[in-house]
Amino acid sequence: MKLAQIQMHVTADKAANLRHAEELLRSVRGADMAILPEMFCCPYDNSCFRAYGEPAGGAAYQMLSRTARELGLWLVGGSLPELDDGRVYNTSFVFDPQGVCVARHRKMHLFDIDVEGGQRFRESDTLSPGDDVTLFDTPWGKMGLCICFDLRFEELHRVMALEGARVLLAPAAFNMTTGPAHWELLLRQRAVDNQCFTVGTSPARDESASYVAWGHSMVCDPWGTVLRQCGAGEEVAVTELDMTRIDAVRRQLPILSARRTDVYELRRV
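Below is a summary of the structure that appears in this document. This one's a predicted model, so the numbers in the text were calculated from it and none came from an experiment. (Residues numbered from 1 in each chain as written. Predicted model: local features only at pLDDT ≥ 70, side-chain atom pairs only at ≥ 80, totals over all residues. Heavy atoms only, no water.)

**Some words on the pairing of strand 5 (residues 87-95)**
Within strand 5, eight of the nine residues are buried, which leaves it mostly tucked inside the rest of the structure. With two bridges connecting them, strand 3 (residues 74-76) and strand 5 associate as antiparallel partners. The residue of strand 5 that forms the bridge with Val-76 is Val-94. When strand 4 (residues 80-84) meets strand 5, the two strands line up antiparallel, connected through five bridges. (Buried < 20%, exposed > 50% of the residue type's maximum accessible area, 1.4 Å probe, protein only. Helix = DSSP H or I, 4+ residues; strand = E, 2+ residues; numbered from the N terminus. Pairing = 2+ DSSP bridges.)

If you want it as C-alpha cells, here you go:
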C-alpha cells in the first residue's frame, strides 16, 4: 500500500488550515491512504483548543469526509479539538474512500509534562482523555491508531498488535525537547516490539509558534528500519509499505508467538 504523510504548516486561521490541508491532500497522486498531523486545523495551545473546537460533523469533519470520498482515499484526519457535552477532546477521525467515518480515537494519555530546562505543557488544563483502544479494518489489514503522547505507552500498542494491528498510526506533535530525544527512538521501538509498521506524522516546524513542533514525520518497518524521514519544513511524503514484510519478520524473529502467557499476560480491560 502507498501511504502519504501530510507534514503541513498550521496557522491561527482555521478556515485557511482546512483549505490548505485539502489542497495538500489533492496534491497526492496514487496514494491509498493519507495521514494529517495532530491538531492540523488549530494552533497547539491550550488557549486555542476550545475556541477552535467543533462537534463531530463540524467543518473540519465535513472537509475530511468530502475529500476522502472525492479522492477515493483512506484518510486519517490527524487530530482536531472535538467538543462533546461541554468537554474538549483531542480526536482523530478516520474516513474510508466513500467518506464514511470508520473510527474515532480520543487521545488517551494527556500531555502533562514539565521537563527541567525544556518543555512544559499541561493538556489536562483544557482537554479530557479518551478511554478507547482504537483499531479499524482496511484492505491491507487491521490498523491501530493513537495520538502523540499515547505513543509512549507500550501496553497500548501491544494490545493493538495482539488484536491484529499490522500498522500503528500516530498523528503527533513532538516538540523541540522531546522530538530530538525520543521521536525516532519511540517509533522504531514500537515497530520492533510489535513487529508492525509505525507511522508518525507531525506538523511542520514553525519557530514563531508558542509551541514549536519537531517535524521529521517518519515511517518504520517491522525490523525497526526507518523507511522515510521528513525534514522540519512542510512536506508531502509518499511511502510504499510492503505488507508481506510483517509476516516475514514475525517468522524469522518470533517475538509475539513466543510470549510466555503461562507466566505473564496482558489483558485489555
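Back to the write-up after that little detour.
**Some details on the nonpolar core**
Among the nonpolar cores identified, the biggest contains 38 residues, and Met-8, Leu-36, Phe-40, Phe-49 and Leu-64 are the most heavily contacted of them. At the level of elements, strand 1 (2-7), helix 1 (14-26), helix 2 (46-52), helix 3 (59-71) and strand 5 are the ones that each hand at least two residues to this core. Not counting residues up to four positions away in its chain, the partners in contact with Met-8 are Asn-17, His-20, Ala-21, Leu-24, Leu-36, Pro-37, Phe-40, Ser-202, Pro-203, Ala-204 and Glu-234. Residues Ile-147, Leu-151, Ala-161 and Ala-191 belong to the second largest nonpolar core, which totals 22 residues. (Core = buried A, V, L, I, M, F, W, Y, C linked by side-chain atoms within 4.5 Å. Contact = heavy atoms within 4.5 Å.)

**Things to note about the pattern of salt bridges**
Applying the stated rule across the entire model yields 20 salt bridges. A salt bridge links Arg-66 to Glu-22; its shortest N-O distance comes to 2.9 Å. Residue Arg-66 is located in helix 3, and its partner Glu-22 is located in helix 1; the two are separated by 44 residues in the primary sequence. Exposure remark for Arg-66: the relative accessible area of 29% places this residue in the partly exposed category. Of the charged contacts, one joins Arg-190 and Asp-193 as a salt bridge, the two residues approaching to 3.6 Å between their closest N and O atoms. With Arg-190 and Asp-193 both in helix 5 (residues 178-194) and three residues apart, this pair spans about one turn of that helix. (Salt bridge = Lys/Arg side-chain N within 4 Å of Asp/Glu carboxyl O.)

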